[in-house]
Amino acid sequence: MRSVRERFRRLHSTGTFVMPNAWDAGSARVLATTGFAAVATTSSGLAASLGKRDQQVTRDELVAHVTAVTAAVGVPVSVDAERLFADTAGGIAETVDLLAAAGAAGLSIEDYDPATGRVDTLPAGVERVGAAAEAARRHDLVLTARAENHLYGQGDLEDTITRLVAYHAAGADVLYAPGLTTPEDITRVVEAVGAPVNVLMMPGVPSVPELAALGVRRVSTGGALAWAAYGALRDAARELLESGTTEFRARNLTAAEIEAAFGA
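These numbers were taken from a predicted model, which means no experiment stands behind them.

With respect to the pairing of strand β4 (residues 77-80)
A regular strand places its side chains on the two faces of the sheet in alternate fashion. Neither face of β4 is exposed, since Val77 and Val79 on one face and Ser78 and Asp80 on the opposite face are all buried. Pairing of strand β3 (residues 39-41) with β4, which is carried by 2 bridges, proceeds in the parallel orientation. Residue pairing across strands places Ala40 opposite Ser78, the latter belonging to β4. Inspection of the sheet shows β4 paired to strand β5 (residues 106-110) by 3 bridges, in the parallel sense. Across the sheet, the residue bridging to Ser78 is Gly106, located in β5. Crossover β4 to β5 through helix α5 (residues 89-101) is right-handed.

Following this line, the structure appears as structure tokens:
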């Protein structure tokens, strides 16, 4: 486990890498055998796989999911852990310990509270990140701190930068502000925080090579791959229902790809 965590930490030391988000053990295996050096979980994708909406998954369900994903792949796994399912420092540390025991190489903590529909105050966010960082250090987990204010329209770019800088000072290894799209905003964040920055691929975001040129260290996909897969399922189902044909089979994994992902 130590070697996997060390490998994940080293990925953040130089260059730019893509860390796609898997929604179950099978999708994680496909991504790993495709050649990605690390994968992440996705809260919305996991929720969908359980027939739920995002932010409705329980901590026990997440821990079981992480256990299954890390057992399925040999690459590092970073966990979308939402708010770490706790309101206290002790509860945050307990969740970090559980995810470490499940095999995680890293995890994230976000400052949006769905119970209130608001982003945490800066002092509260810093306190929570500090508690997560202290627990993560015990296991050598890479901690990513997320500033959600830009994504939820609750603050401007200056507020986002202020939060990320403060979260880094509180012990976060990687900084992440989902919702940033323009090269100008991304560059300002990269230059301001002085630490590895993760950018979410979404409509309007520069390509991976362009993000690399801006100094972005890590690129993730969030729930996009899960929703693309569900969209492909919908299209195949409609074809079968409406025309009775199976042209969708042309887009199946090949026998060799199935063997590579699931045969071992």
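Re the nonpolar core
In this structure, Leu84, Leu99 and Leu107 are the most contacted members of the largest nonpolar core, which totals 49 residues. Sort the elements by how many residues they give to this core and helix α6 (residues 122-139) lands first, with 6 residues. With sequence-adjacent residues up to four places away left out, Leu84 is seen in contact with Gly91, Ile92, Thr95, Val96, Leu99, Leu107, Ser108, Ile109 and Ala132.

So, the packing of aromatic side chains
Each aromatic ring pair is characterised by the separation of its centres together with the angle its planes make. Under the criterion given, the structure shown has 2 aromatic pairs. On the basis of an interplanar angle of 40° and a centroid distance of 5.8 Å, the ring pair of Trp227 and Tyr230 is categorised as tilted. In this pair, Trp227 and Tyr230 both sit in helix α10 (residues 224-242), 3 residues apart, roughly one turn of the helix.

A word on the environment of His65
Structurally, the position occupied by His65 is in helix α4 (residues 59-72). What makes His65 buried here is its relative accessible area of 8%. Taking the C-alpha atoms as reference, His65 lies 17 Å from Leu225; in sequence the two are 160 residues apart.

What about helix α8 (residues 183-193)?
Residues of α8 that are buried: Ile186, Val189, Val190 and Val193. The arc that holds every buried residue of α8, seen down its axis, measures 95°, which confines them to one face. Exposed and facing more than 90 degrees away from the buried side of α8 are Glu184 and Glu191. If you follow the buried residues of α8, they end up packed against α7 (157-169), β9 (174-176), β10 (197-200) and α9 (208-213). Where α8 ends, the next residue or the one after it, Gly194, has phi of about 65°, a positive value.

Concerning the packing of helix α2 (residues 25-34) against helix α11 (residues 255-262)
Where α2 meets α11, the axes come as close as 8 Å, and the angle between the chain directions of the two elements is 105°. Looking at the two axes, α2 sits roughly perpendicular to α11. Residue-level inspection shows Gly26, Arg29, Val30 and Thr33 of α2 in contact with α11, the latter providing Ala260, Ala261 and Phe262. When the residues that make up the contact of α2 with α11 are grouped by side-chain class, the tally is 4 nonpolar, 2 polar and 1 charged.

Re the pattern of salt bridges
Tallied over the entire structure, the rule returns 14 salt bridges. Of the charged contacts, one joins Arg59 and Glu94 as a salt bridge, the two residues approaching to 3.5 Å between their closest N and O atoms. Within this pair, whereas Arg59 is found in helix α4, its partner Glu94 is found in helix α5, the two being separated by 35 residues in sequence. Here Glu94 falls in the partly exposed class, since its relative accessible area comes to 43%. A salt bridge links Arg83 to Asp120; the nearest nitrogen and oxygen atoms lie 2.9 Å apart. Of this pair, Arg83 sits in the loop between β4 and α5 while Asp120 sits in the loop between β7 (118-119) and α6, and the two are 37 residues apart along the sequence. According to the relative accessible area criterion, Arg83 is buried, its value standing at 10%.

Cut-offs applied
Along each chain, the written sequence defines residue order, and numbers are assigned to residues from 1. Local features in a predicted model are, by the rule used here, given only for residues with pLDDT of at least 70; side-chain atom pairs are given and counted only at 80 or more, and totals for whole chains, interfaces and linings are based on all residues. Calculation of side-chain values draws on the structure's entire complement of heavy atoms; hydrogens and water are dropped beforehand. The rule is simple: take the accessible area with a 1.4 Å probe, protein chains only, and divide by the maximum for that residue type; under 20% is buried, over 50% is exposed, in between is partly exposed. Numbering of helices and strands runs from the N terminus, with a helix taken as a DSSP run of H or I at least four residues long and a strand as a DSSP run of E at least two residues long. Should DSSP find at least two bridges between two strands, the strands are taken to pair. We call a crossover right-handed when, viewed with the strands running away from us, the connection from the first strand over the helix to the second turns clockwise. Put simply, buried Ala, Val, Leu, Ile, Met, Phe, Trp, Tyr and Cys residues joined by side-chain atoms within 4.5 Å make one nonpolar core. Contact criterion: two residues are considered in contact whenever any of their non-hydrogen atoms come within 4.5 Å of each other. In this scheme Phe, Tyr and Trp rings, the latter by its six-membered ring, pair at centre separations within 6.5 Å, and the angle between planes marks the pair as stacked below 30 degrees, edge-to-face above 60, and tilted otherwise. Here the arc refers to the directions that run from the helix axis out to each C-beta atom. Where helices are involved, their axes are fitted lines through C-alpha atoms of the stretch in contact, as for all axes, and angles between N-to-C directions lie from 0 to 180°. Working definition: roughly parallel below 35 degrees, roughly antiparallel above 145 degrees, roughly perpendicular at 65 to 115 degrees, and oblique for all remaining angles. Any residue outside Ala, Val, Leu, Ile, Met, Phe, Trp, Tyr, Cys, Pro, Asp, Glu, Lys and Arg is labelled polar, Gly included; the first ten of those are nonpolar and the last four are charged. Only one rule defines a salt bridge in this text: a Lys or Arg side-chain nitrogen within 4 Å of an Asp or Glu carboxyl oxygen.

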